[in-house]
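# Descriptive structure summary
Each chain, letter by letter, is given below.
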Amino acid sequence: MADQDVQTPVGEEPPALSVLRWDELPEGPVLVLLDQTRLPAEEVELVCTDVPALVRAIRTLAVRGAPLLGIAGGYGVALAAARGYDVAEAAGLLEGARPTAVNLGYGVRRVATAYWAAARKGAEAAEAAAVALTEAQALHREDARASARMAEHGTALLEELLPGRGYQLLTHCNTGALVSGGEGTAFAVALRVHRQGRLRRLWVDETRPLLQGARLTAYEAARGGMAYSLLTDSAAGSLFAAGEVDAVLIGADRITADGSVANKVGSYPLAVLAKYHHVPFIVVAPTTTVDMETAEGTSIVVEQRSGQEVTEVTSPRSGSTGGGGGMVVAPLGAPVYNPAFDVTPPELITAIVTEEGVISPVTGVGLAELCARSSQVTIS
């Protein structure tokens, strides 16, 4: 188990991560992404000049995380419009890149709708493209504000549930600045707790098979000067048994109308462990992650990924987490079950934290009432 106890001096913050940005080059606009498949070994940027390049980046997880996928999808539509490509075709390609992450479709549809509305009003192509870019930038800013509000609500909830103490928090996958227009979702809560001087330990699941916890969350925790320890996913149970976990904080890729949560595979076992050990299990996600059109968790389409992600171990320096070219660790032709996500039912969730507030207990009625207060969610 690797420990990291380097503390950031009071008043000093590391420079913000540049995860995604729009850039205007002489040859035309581009979308620039921090290639997350290369972290933590290298900080390398990808330059996407068209939508197919962005779709590849999404599918290979060079850009990932539900809120950031929504932002990337919005900018992708703006990129297609600015470069004169077919916006409807681009929107279709982007929406289909990762089916489980509801934010991706939300961002694509929001920006495409703004573009088409401008076109219907008689805007020239360049004017409609500018409208699309403005809408994508607005989505980006809104997500940053939502991140800050989720951090506030999440820390207040921890104080309510566990008053007057420091916290040992367990997290899964990556939910920080690498998935957000701001400082993240669940990780942003832990970071705020750290800045308050109340984080005793951030337990980081390495998150097999693509190691987003080991590669990305540990990277962000180290940058933030947080006290953290990395563990294999299978070691989490022993932490609960030893009483070393005060709360679990995870993000979400989709939340259905009944309060079921799809998140990185391995989240559901943590919820079961937390329930048994009477530990709060908290989901932190923006309202853009709520899908009121999907009634329940069993209706979620769970992405199945390449078996090579399990049968091979790939170095981040190779620039690919999609399998292929790594060290083989299983018999040739071994059948593989590799879902990207699992689904946690609402009865295992203590609370869902959004920028609009906290839902606890988690019920469909409570979720609908909260979403009705948000302009980001359409309730069908």
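Residues numbered from 1 in each chain as written. Predicted model: local features only at pLDDT ≥ 70, side-chain atom pairs only at ≥ 80, totals over all residues. Heavy atoms only, no water.

## Focus on the UniProt feature "binding site: substrate" (unreviewed entry) in the chain
Within this numbering scheme, the UniProt entry marks Arg 64, Gly 65, Ala 66, Arg 98, Gln 212, Asn 263 and Lys 264 as carrying the feature "binding site: substrate" (unreviewed entry). Checking the named residues against the largest cavity, the ones that line it are Arg 64, Gly 65, Ala 66, Arg 98, Gln 212, Asn 263 and Lys 264. Counting through the fold element by element, Gly 65 comes out in the loop between helix H1 (51–59) and helix H2 (66–82). On the basis of relative accessible area, Asn 263 is assigned to the buried category, the value being 5%. Ignoring any residue separated from it by four or fewer positions in sequence, one finds Asn 263 in contact with Ile 250, Gly 251, Ala 252, Asp 253, Ala 340, Phe 341 and Asp 342. (UniProt positions renumbered as here; feature names shortened; annotations may be inferred. 1 Å grid on protein atoms, 1.4 Å probe; cavity = no way out; pocket = protein on both sides within 12 Å on 5 of 7 lines; lining within 4 Å. Helix = DSSP H or I, 4+ residues; strand = E, 2+ residues; numbered from the N terminus. Buried < 20%, exposed > 50% of the residue type's maximum accessible area, 1.4 Å probe, protein only. Contact = heavy atoms within 4.5 Å.)

## Topic: unusual backbone geometry
Residue Pro 40 is reached from Leu 39 by a cis peptide bond, and omega for that bond is 0°. Positive phi, normally seen in glycine, also occurs at Thr 207, with a value near 70°. Here Thr 207 is to be found in the loop between strand S6 (199–205) and helix H7 (212–223). Look at Thr 207 and you get buried, because its relative accessible area is 0%. Positive phi, close to 60°, is recorded for Leu 211, a residue that is not glycine.

## Some thoughts on the packing of H2 against helix H3 (residues 87–95)
Between H2 and H3, whose axes approach to 9 Å, the crossing angle comes to 155°. With respect to H3, the element H2 is oriented roughly antiparallel. Between H2 and H3 lies a crossing whose hand is right-handed. Here H2 contributes Gly 73, Gly 76, Val 77, Ala 80 and Ala 81 to the contact with H3, which in turn contributes Val 87, Ala 90 and Leu 94. A breakdown of the residues in the contact of H2 with H3 according to their chemical character gives 6 nonpolar, 2 polar and no charged. (Axes fitted to C-alpha atoms, helices over the stretch in contact; angles between N-to-C directions. Parallel < 35°, antiparallel > 145°, perpendicular 65-115°, else oblique. Left-handed = near helix turned anticlockwise from the far one by under 90°. Nonpolar A, V, L, I, M, F, W, Y, C, P; charged D, E, K, R; others polar.)

## What to know about the sheet that holds strand S4 (residues 45–48)
As summarised here, the arrangement of the 3 strands in space is S2-S3-S4, forming an open sheet in which the pairing is antiparallel. The sheet terminates laterally at strand S2 (20–25) and S4, the two strands that pair on one side only. Here the average twist between neighbouring strands, direction ignored, is 30°. Alignment of S2 against strand S3 (residues 28–34), held across 6 bridges, turns out to be antiparallel. By the bridge assignment, Trp 22 is partnered in S3 with Leu 31. (Pairing = 2+ DSSP bridges.)

## As for the sheet that holds strand S10 (residues 261–264)
Overall, mixed pairing links the 4 strands, which are arranged S12-S9-S10-S15 in an open sheet. The sheet terminates laterally at strand S12 (290–291) and strand S15 (341–344), the two strands that pair on one side only. Pairing analysis gives 4 bridges linking S10 to S15, with the strands arranged antiparallel. Its bridge partner being in S15, Asn 263 is matched across the sheet by Asp 342.

## Observations regarding H2
With 17 residues, H2 ought to run about 24 Å at 1.5 Å a step, and its terminal C-alpha atoms sit 24 Å apart, in line with that. Counted residue by residue, H2 has 16 buried out of 17 residues, so it is predominantly covered. Positive phi appears at Gly 84, one or two residues downstream of H2, with a value of about 80°. (Expected span 1.5 Å × (residues − 1).)

## So, the UniProt feature "active site" (unreviewed entry) in the chain
Residues annotated by UniProt as "active site" (unreviewed entry) correspond here to Asp 253. Note on placement: Asp 253 falls in the loop between strand S8 (247–250) and strand S9 (254–256). The residues touching Asp 253, leaving out its near neighbours within four places in the chain, are Ala 66, Thr 100, Ala 101, Val 102, Asn 103, Ala 262, Asn 263, Lys 264, Thr 289 and Phe 341.

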